[in-house]
Amino acid sequence: MRRLLVPLLVLLLVPAMAGAAPASMNFTAHLTGAEEVPPRATDATGQATFRLLNSGEVAFRLIVDDIENVVAAHIHCGDRGENGPVVQFLFGNAPPGGGPVEGVLSSGRFDPDGKTCTFDETTITLLEAMRAGRTYVNVHTNDGDETPNEGPGDFPGGEIRGQIQPRGPGG
């Protein structure tokens, strides 16, 4: 009887396991001024990477190039072409007029538990929203004077932005 049970279990479990796609654990976002809403004329770019760790935390790294006066960076809930609320801080509280920034702007970890996004009266977790491509990274700049949106280095609402996209299950 046991000889029949093991092959039978294998036959039942293998198709079930093969049919279930593993959930994404890696995510990236390429940030440009063209992705901002409204689009921004800037040479600045950025790259954000995220990895879901076994602990349940998300490790991240945010790299920027050719940008000035960065004051904050966040993950926002929102579809491409739409602005949405901040759900996770990545970098913040820098003074205006800080000058040029190149390379790693910030890195670290955050706990996505308890963070949610709401779309059309449906609330999903931050991680579900990231897996669905419904979150974005936004890097904000401010030159320190009273006139906003004067050009590169002075876009308090965001100078570069990119949708977070799943990039495979990872390991």
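Residues numbered from 1 in each chain as written. Predicted model: local features only at pLDDT ≥ 70, side-chain atom pairs only at ≥ 80, totals over all residues. Heavy atoms only, no water.

Caption draft 1: How the structure looks around the overall build of the protein chain. A count of helices and strands for the protein chain gives 2 helices and 11 strands. Across the protein chain, helices and strands are ordered from the amino to the carboxyl terminus as α-β-β-β-β-β-β-β-β-α-β-β-β. Each of the 171 residues in the protein chain was classed as buried or not, and the buried ones make up 40%. A separation threshold of at least 6 residues defines the contact pool for the protein chain, and within that pool the share at least 24 residues apart is 64%. Surface exposure of the protein chain reaches about 9,400 Å², of which carbon and sulfur atoms provide 55%. (Helix = DSSP H or I, 4+ residues; strand = E, 2+ residues; numbered from the N terminus. Buried < 20%, exposed > 50% of the residue type's maximum accessible area, 1.4 Å probe, protein only. Contact = heavy atoms within 4.5 Å. Areas by Shrake-Rupley, 256 points an atom, 1.4 Å probe, with all protein chains shown as cover.)

Caption draft 2: View of the environment of Ala 44. On the secondary structure map, Ala 44 appears in the loop between β1 (26-32) and β2 (45-52). The exposure class of Ala 44 is buried, given its relative accessible area of 1%. Considered as a pair, Ala 44 and Ile 160 are 116 residues apart in the sequence and their alpha carbons are 6.9 Å apart. Ignoring any residue separated from it by four or fewer positions in sequence, one finds Ala 44 in contact with Leu 31, Thr 32, Gly 33, Asp 65, Asp 66, Ile 67, Glu 159 and Ile 160.

Caption draft 3: Expanded view of the nonpolar core. Formed by 33 residues in total, the largest nonpolar core has its most connected members in Phe 50, Ile 75, Val 137 and Val 139. The greatest single-element share of this core, amounting to 5 residues, is contributed by strand β3 (residues 58-68). (Core = buried A, V, L, I, M, F, W, Y, C linked by side-chain atoms within 4.5 Å.)

Caption draft 4: Fine view of a negative patch on the surface. On the surface, a cluster of negative charge is contributed by Asp 43, Asp 65, Asp 66, Glu 68 and Glu 102. Within the secondary structure, Asp 66 is located in strand β3. Asp 66 gets classed as partly exposed once you look at its relative accessible area, which sits at 41%. (Patch = residues over 30% accessible without salt bridge, like charges linked within 9 Å, V, L, I, M, F, W, Y side chains within 5 Å. Salt bridge = Lys/Arg side-chain N within 4 Å of Asp/Glu carboxyl O. Lys, Arg positive; Asp, Glu negative; His and termini not counted. Charge placed at Lys NZ, Arg CZ, Asp CG, Glu CD.)

Caption draft 5: Expanded view of the environment of Gly 99. The topology assignment puts Gly 99 in the loop between β5 (86-91) and β6 (100-110). According to the relative accessible area criterion, Gly 99 is buried, its value standing at 13%. Note: C-alpha distance between Gly 99 and Gly 153 (54 residues apart in sequence) is 8.1 Å. Among residues more than four places away in sequence, those in contact with Gly 99 are Ile 67, Glu 68 and Asn 69.

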